[in-house]
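For reference, the chains in residue letters:
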Amino acid sequence: MHFEDSLEFAISQDHYDPLREFRGRFLFPRYNDRDVLYFTGNSLGLQPRAAREYLVQELEDWKNLGVEGHFNAKNPWFSYHEPFGALLAPLVGALPTEVVAMGSLTNNLHLLMVSFYRPTKKRYKIICEQKSFPSDLYALDSQARFHGFDPANAVIGISPREGESWIRTEDILALIHKNRKELALVMMGGVNYYNGQLFDMETITKAAHEAGAYAGFDLAHAAGNVALSLHAWDVDFAAWCSYKYLNSGPGSVAGIFVHEKHHTGNIPRFEGWWGTDARTRFMMNRTFAPFHTAEAWQLSNAPVLSMAAHRAALELFNEAGMDALTQKSRKLTGYLEFLVNRINESTGERQIRILTPDDPAQRGCQLSLEIEGRGKEVFSSISARGIVADWREPNVIRVAPVPLYNSFQDVFEFARSLKEALQ
Ligand SMILES: *Cc1c(COP(=O)(O)O)cnc(C)c1O
């Protein structure tokens, strides 16, 4: 890819960007009478303009119809969740019957582990990232303890090699192989939250299966960020939240994937009334008659208010298409990488170390910039210029230019501020 370190270049890239219209369909926080430069779509995505209208529709129907809204609302609440399978499927590369919008991420991980972490005396180990998001580690540790195992022994974290910033796939495969007799589950992020590394989920899943274990992924930083093919990769299960790259609002409804091959048979699961077949649900039968889809994992009736915002966001993703989004994303993040490398070259020393893989196939849109010593000072300085990025102790700035609403000009202006802050 050809890049230039100039505002004109950035503006011309935006001019020819087929997705440029989407920026106007989001609401940006303001700082000193102008829109902020927003790079934290990896933490809380911006609000789609349509979210308000979708939410107000449900508030109005609630006001005017009360309980009748379950069947008489414009979008009846009884079946409100049903279109979500089709909306989510293309984002994660699944069949519509394999995905459900429900619950919250950590809750869902626990529910999925009821089905996919069923340790025995001999087979009880879990492989994860050593630097996984803490909530995932707490979930894994408590699952191991719940089953009577010591997490110190049962939960194995993998780290990059000494002096390296990301984990080699060959090391993951070797660890799986080494533990093959005792391994119950490989549960990793699709994209690591800290360094932005995208894992080779297909290869990891294959290795887990060869070892006789299940493979599941936490897609909090992958859903809406990278192209996924969960079904084709034969992944057993996955879960994600919708408030990061999926722009569905703080704490909004999350999502799960369960591979079709687990939909029938006697896989154990915790169940609730929304997992029973909709045709017989309201007969209030004593016996659970499950859906033979991922909906069988669904416990409760749909949280319509948060799903309204989620729907507005998912429609934007479907309109833009993951192919176009990932194409732009690679360019946008490639441009950021180019400009950061230029800063290092121009100062003659490597002040900024990029912790994210330099191979576009091993990352999403986020770059994690390590600034030795003065990180916090640099971060405060760019924040004072209206840039919203994310600080991670002790010295890392995470920057996520997202293809739906970030521009090449955003990236250029970020790099310019970063350079000035360093000088
Ligand atoms: C953001 C994030 C979470 C947050 O979990 P919630 O249950 O939504 O609060 C968990 N795991 C990962 C990997 C995350 O990135």
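Residues numbered from 1 in each chain as written. Predicted model: local features only at pLDDT ≥ 70, side-chain atom pairs only at ≥ 80, totals over all residues. Heavy atoms only, no water.

**A word on helix H11 (residues 322–347)**
(1) Moving on: Here H11 is 26 residues long and its end C-alpha atoms lie 37 Å apart, about the 38 Å a rise of 1.5 Å per residue gives.
(2) Moving on: Looking at the residues trailing H11, positive phi occurs at Gly 348, about 75 degrees. (Helix = DSSP H or I, 4+ residues; strand = E, 2+ residues; numbered from the N terminus. Expected span 1.5 Å × (residues − 1).)

**Regarding the sheet that holds strand S8 (residues 155–158)**
(1) Moving on: One open sheet holds the seven strands; their spatial order is S6-S12-S11-S10-S9-S7-S8, and the pairing between them is mixed. One side of each edge strand has no neighbouring strand; the edge strands of this open sheet are strand S6 (99–101) and S8. When strand polarity is set aside, the average angle formed by the axes of neighbouring strands in this sheet is 15 degrees.
(2) Moving on: Strand direction decides the pairing type here: strand S11 (residues 237–240) and strand S12 (residues 255–258), joined by four bridges, are antiparallel. Within S12, the residue paired with Phe 237 across the bridge is Val 258.
(3) Moving on: Relative to the sheet, helix H5 (residues 105–116) contacts strand S9 (183–189), strand S10 (214–218), S11 and S12, its axis offset from that of S11 by approximately 170 degrees. (Pairing = 2+ DSSP bridges. Axes fitted to C-alpha atoms, helices over the stretch in contact; angles between N-to-C directions. Contact = heavy atoms within 4.5 Å.)

**Some words on the sheet that holds strand S16 (residues 390–392)**
(1) Moving on: Across the sheet, four strands lie side by side as S13-S14-S17-S16; this open sheet has antiparallel pairing. The open sheet terminates on both sides in strands that have one partner only, identified here as strand S13 (352–354) and S16. Each strand axis lies, on average, 30 degrees off the axis of its neighbour in the sheet, ignoring direction.
(2) Moving on: With four bridges joining them, strand S14 (residues 367–371) and strand S17 (residues 396–399) adopt antiparallel strand pairing. Residue Ser 368 lies in a different strand from S17, and its bridge partner there is Arg 398.

**Some details on the site of the ligand**
(1) Moving on: Around the ligand, the neighbouring residues are Leu 105, Thr 106, Phe 133, Asp 136, Asp 218, Ala 220, His 221, Tyr 243 and Lys 244.
(2) Moving on: Within the side chain of Asp 136, a nitrogen or oxygen atom sits 2.6 Å from a nitrogen atom of the ligand.
(3) Moving on: When the ligand sits alone it has 390 Å² of accessible area, and the protein chains cover 82% of it.
(4) Moving on: A per-class count over the shell around the ligand returns four nonpolar, two polar and three charged. (Near = heavy atom within 4 Å. Polar contact = N/O pair within 3.5 Å; in protein donor to acceptor, adjacent residues only side chain to side chain. Areas by Shrake-Rupley, 256 points an atom, 1.4 Å probe, with all protein chains shown as cover. Nonpolar A, V, L, I, M, F, W, Y, C, P; charged D, E, K, R; others polar.)

**Looking at a nonpolar patch on the surface**
(1) Moving on: A surface patch of nonpolar side chains, amounting to about 370 Å² of accessible area, comprises Val 56, Leu 59, Trp 62 and Leu 305.
(2) Moving on: At three residues, the largest contribution of residues to the nonpolar patch is made by helix H2 (residues 49–65).
(3) Moving on: Its location among the elements puts Leu 305 in helix H10 (residues 304–320). (Patch = residues over 30% accessible without salt bridge, like charges linked within 9 Å, V, L, I, M, F, W, Y side chains within 5 Å. Salt bridge = Lys/Arg side-chain N within 4 Å of Asp/Glu carboxyl O.)

**Some words on H10**
(1) Moving on: Look at H10: 24 Å from first C-alpha to last across 17 residues, which is about the 24 Å you get at 1.5 Å a residue.
(2) Moving on: With twelve of 17 residues buried, H10 is to be regarded as a mostly interior element.
(3) Moving on: All of the buried residues along H10 are Val 304, Met 307, Ala 308, Ala 309, His 310, Arg 311, Ala 312, Ala 313, Leu 314, Leu 316, Phe 317 and Ala 320.
(4) Moving on: Two residues or fewer past H10, Gly 321 is found with a positive phi of approximately 85 degrees. (Buried < 20%, exposed > 50% of the residue type's maximum accessible area, 1.4 Å probe, protein only.)

**Some remarks on the environment of Ala 144**
(1) Moving on: Locating Ala 144 in the fold gives a position in helix H6 (residues 134–146).
(2) Moving on: Those residues in contact with Ala 144 that lie beyond four places of it in its chain are Tyr 117, Phe 149, Pro 151, Ala 154 and Val 155.

**Quick word on the domain arrangement of the protein**
(1) Moving on: For the protein, the domain assignment lists domain 1 (7–35 + 322–422) and domain 2 (56–320).
(2) Moving on: Domain 1 and domain 2 are separated by 29 Å when their C-alpha centres are compared.
(3) Moving on: With 30 residues of domain 1 in contact, the opposing surface of domain 2 contributes 22 residues.
(4) Moving on: Here domain 1 and domain 2 share an interface that buries about 2200 Å² over both sides, 57% of which is from carbon and sulfur atoms.
(5) Moving on: Summed over the three residues of domain 1 that lose the most area to domain 2, namely Met 322, Leu 355 and Gln 362, the buried surface amounts to 24% of that side.
(6) Moving on: Of the charged contacts in the structure, one is a salt bridge between Glu 319 and Arg 25, with a shortest N-O distance of 2.8 Å.
(7) Moving on: For the pair domain 1 and domain 2, the number of links is nine residue pairs in polar contact (both at pLDDT 80 or more).
(8) Moving on: The set of elements that each furnish at least two residues to the side of domain 1 that touches domain 2 consists of H11, S13 and S17.
(9) Moving on: Among the elements that make up the side of domain 1 that touches domain 2, the one with the highest residue count is H11 (four residues). (Domains from an automatic or database assignment. Buried area = accessible area lost by both parts, 1.4 Å probe.)

**Let's talk about the environment of Gly 163**
(1) Moving on: For Gly 163, the position within the fold is in the loop between S8 and helix H8 (169–178).
(2) Moving on: C-alpha of Gly 163 to C-alpha of Lys 125: the two residues are 38 residues apart in sequence and 27 Å apart in space.

**Thoughts on the packing of aromatic side chains**
(1) Moving on: Enumeration according to the criterion identifies 20 aromatic pairs in this entry.
(2) Moving on: Between Trp 273 and Trp 274 the ring centres are 4.6 Å apart and the planes differ by 65 degrees, which places this aromatic pair in the edge-to-face class.
(3) Moving on: Given the relative accessible area of 36%, Trp 273 is considered partly exposed.
(4) Moving on: Through successive ring pairs, a cluster of aromatic residues spans Phe 3, Phe 9, Tyr 335, Phe 338 and Phe 408.
(5) Moving on: The aromatic ring of Tyr 194 is capped on one face by Lys 131, whose charged end is 4.3 Å from the ring centroid. (Phe/Tyr/Trp six-rings, centres within 6.5 Å; stacked < 30°, edge-to-face > 60°. Lys NZ or Arg CZ within 6 Å of the ring centre and 35° of its normal.)

**Comments concerning the environment of Leu 299**
(1) Moving on: Tracing the backbone through its elements, the reader meets Leu 299 in the loop between S12 and H10.
(2) Moving on: The class for Leu 299 is partly exposed, based on a relative accessible area of 27%.
(3) Moving on: In this structure Leu 299 touches Leu 111, Phe 270, Glu 271, Gly 272, Trp 273 and Trp 274, once residues within four positions along its chain are discounted.

**Details of the nonpolar core**
(1) Moving on: By size, the foremost hydrophobic cluster in this structure holds 73 residues, and its most contacted members are Ile 176, Leu 219 and Trp 240.
(2) Moving on: Top element by residues in this core is H10. It accounts for nine residues.
(3) Moving on: The two domains that each donate at least three residues to this core are domain 1 (7–35 + 322–422) and domain 2 (56–320).
(4) Moving on: Of all hydrophobic cores here, the second largest spans 34 residues; its members include Met 102, Ala 144, Ile 267 and Ala 296. (Core = buried A, V, L, I, M, F, W, Y, C linked by side-chain atoms within 4.5 Å.)

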